[in-house]
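Results of the structural survey
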Amino acid sequence: MAAPIERPIRRVLIANRGEIAIRVIRTLRELGIESVAVFSDVDRKAAHVLLADMALPIGPAIAAESYLVIDKIIAACKESGADAVHPGYGFLSENDVFAERLEAEGITLIGPPAAAMRLMGSKTEARKAVIAAGLPVVPGESGPNGNGFDDVPSALEAANRIGFPVLIKAAAGGGGKGMRLVNEVETFEASFSAAKREALSSFGDDTVYVEKAIIGPRHVEIQVFADKHGNVVHLGERDCSVQRRHQKVVEESPSPAVSEELRQRMGASAIQAARCCNYVGAGTVEFLLTTSGEYYFLEMNTRLQVEHPVTEMVYGVDLVAWQVAVAEGKPVPLTQNEINARHRGAALECRIYAEDPIRFLPSPGTITTLRTPAGPYVRDDSCAYEGVEISVYYDPLVSKLITWGDNRAQALARMRRALAEYRVVGIETNIAFHQRILSHEGFVAGEYDTGIIERDESLTTPTVAEGAELDAGIAISALRNQLSGPRSLETSEIGGQGGTSSWRAPMPTWRGR
Ligand code: MV4
């Protein structure tokens, strides 16, 4: 491969918002690179706008009319003179059409080539490609031409060959949408139709394929990094098995289920996946890890992920700085041996969402009081400040709390301490939910799988003591949202450790399957 010419990046437009936009802006500032924020009408006062060197409006609150409009992002690049774009995660981050447009306009994308996005975006194509590269995949079939099943009889024949239970998955899917578990022949037809319908309405593509359903797996993903010179490395794994309805809640590295030997085998597989699509930049290869220690490729995410900080903590690296370096044509900063030698300790991440702790629905509002944790080895990647409004328009993730420790027990103790320091008034959050998970016997032992939250109802049920805090917090929020007078120290502590009221959590009205 001919070595591409290095092209220094001077000004980066961040085509995103919230905590990830801030995360990127921080590294850019450290690198001496100018940052350009874009914002919708409701994000005029968002923290990413305040922290960037420049900011440009891109239209209405609805993402489909602002953050997702390629022409508006390109126009903002031209207006600001940005020579590169960081897409963050979500929005346009895995959009191959956007990647191609940027290339045509001579703007550097801090991300992978369009072709790699396109290949990995199709789960059936990705499956074919990684099988050819020698990766283990779950037993499955993708139809007569490998492009999905059109009719029930041929899909059912495949399911019978594979053996029940099976999963019907959407080729355009990922993240669990359009996925149906089928336990027996009798319900196959209905599930097949439902999966096709859901795939069509969600992705505009009704292609589905069938896989053997793995029961009680862990979700373990490998961070990979590639440059334009053919170097590909891995930075170990993250265990993301703690999920609720396909929304990740807690992530950690290393995985309690992964030995050094397994890490190197999974790492080698992940590198092969990156190589088979000529990957460049930060990527994540998702695997299912079975109770007996076998692993299977699931999909590859062609972006920097939400949970990248746990990897940064255990390897002592800045992955956004690495992304900028490889986008400039520089090599991956460290060799595989150097990376392996840096692995130290354990890190956890708790995703703090603005959500109703009983119904798990978004809890928009204005944050009136905020006290954030600090102290040794605590990192708070957040977009929250006192006075900010959390809107209904976007993902309700307001902060990621990350802790590091010499070992898992220390990282866990730090996380409990840090969560206990957190005070948020004005919106509801899942902080108490996190404390329950971190005290859960199976989680503490490191013995958990993707079913941990569904299996144990006590995890999703607020305790009596938490109810008292909620009561106080809601009352204060309601008052604050009406009156905006000066705050006393005393009221800012409400929502604290109290717990003597007789408040009881009502039973959830909406519960997981
Ligand atoms: C699976 C599976 C079991 N067997 N595939 C869910 C999201 C999508 N990325 C793939 N998913 C799964 N695929 C086979 N063949 C179980 C899941 C799954 C899951 C995976 C990771 C994390 C949480 C999960 C929760 C339920 C199901």
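Heads up: the structure comes first, above all this text.
Residues numbered from 1 in each chain as written. Predicted model: local features only at pLDDT ≥ 70, side-chain atom pairs only at ≥ 80, totals over all residues. Heavy atoms only, no water.

A word on the packing of helix H3 (residues 70-80) against helix H4 (residues 96-105)
Here is the rule we go by: For every element, the axis is a line fit to its C-alpha atoms; helices are fit only across the contacting stretch, and the angle between N-to-C directions ranges from 0 to 180 degrees. Helix numbers and strand numbers start at the N terminus; a helix is a DSSP run of H or I with at least 4 residues, a strand a run of E with at least 2. Working rule for angles: under 35 degrees goes down as roughly parallel, over 145 as roughly antiparallel, 65 to 115 as roughly perpendicular, anything else as oblique. We call a crossing left-handed when the near helix sits turned anticlockwise from the far one by less than a right angle, and right-handed when that turn is clockwise. Contacts between residues were defined by any pair of non-hydrogen atoms, one from each residue, lying within 4.5 Å. Residue polarity follows a fixed list, in which Ala, Val, Leu, Ile, Met, Phe, Trp, Tyr, Cys and Pro are nonpolar, Asp, Glu, Lys and Arg are charged, and the others, Gly among them, are polar.
Interhelical geometry of H3 versus H4 gives an angle of 30 degrees and a closest axis separation of 11 Å. As summarised for this structure, H3 and H4 are arranged roughly parallel, according to the angle between their axes. Seen along the crossing, H3 lies across H4 with a hand that is right-handed. Packed against H3, whose contacting residues are Ile-70, Asp-71, Ile-73, Ile-74 and Lys-78, the element H4 presents Val-97, Phe-98, Arg-101, Leu-102 and Glu-105 at the interface. Of the residues contributing to the contact of H3 with H4, the split by class is 6 nonpolar, no polar and 4 charged.

Some words on the packing of aromatic side chains
Let me state the cut-off plainly: Centres within 6.5 Å are what make two rings of Phe, Tyr or Trp a pair, Trp counting through its six-membered ring; a difference in plane orientation under 30 degrees is then read as stacked, over 60 as edge-to-face, and the rest as tilted. A positively charged side chain is recorded as over a ring if its NZ (Lys) or CZ (Arg) lies within 6 Å of the ring centre. The angle to the ring normal must also be within 35 degrees.
Scanning the entire structure with this criterion turns up 10 aromatic pairs. The positively charged end of Arg-218 is found above the aromatic ring belonging to Tyr-448, 4.3 Å away from the centroid.

Looking at the sheet that holds strand S8 (residues 180-182)
Spelled out, the test is: Strand pairing is assigned whenever DSSP detects at least two bridges linking the two strands.
The 4 strands are arranged S6-S9-S7-S8 in an open sheet whose pairing can be described as antiparallel. Because the sheet does not close on itself, it has two edges, and the strands there are strand S6 (140-141) and S8. Looking at chain direction, strand S7 (residues 166-170) and S8 are connected through 3 bridges and run antiparallel. Considered in S8, the bridge of Ile-168 is made with Arg-180. Lying over the sheet, helix H6 (residues 123-132) contacts S6, S7 and strand S9 (208-212), oriented at roughly 50 degrees with respect to S9. With respect to the sheet, helix H7 (residues 152-162) is in contact with S6, S7 and S9, its orientation differing from that of S9 by roughly 15 degrees.

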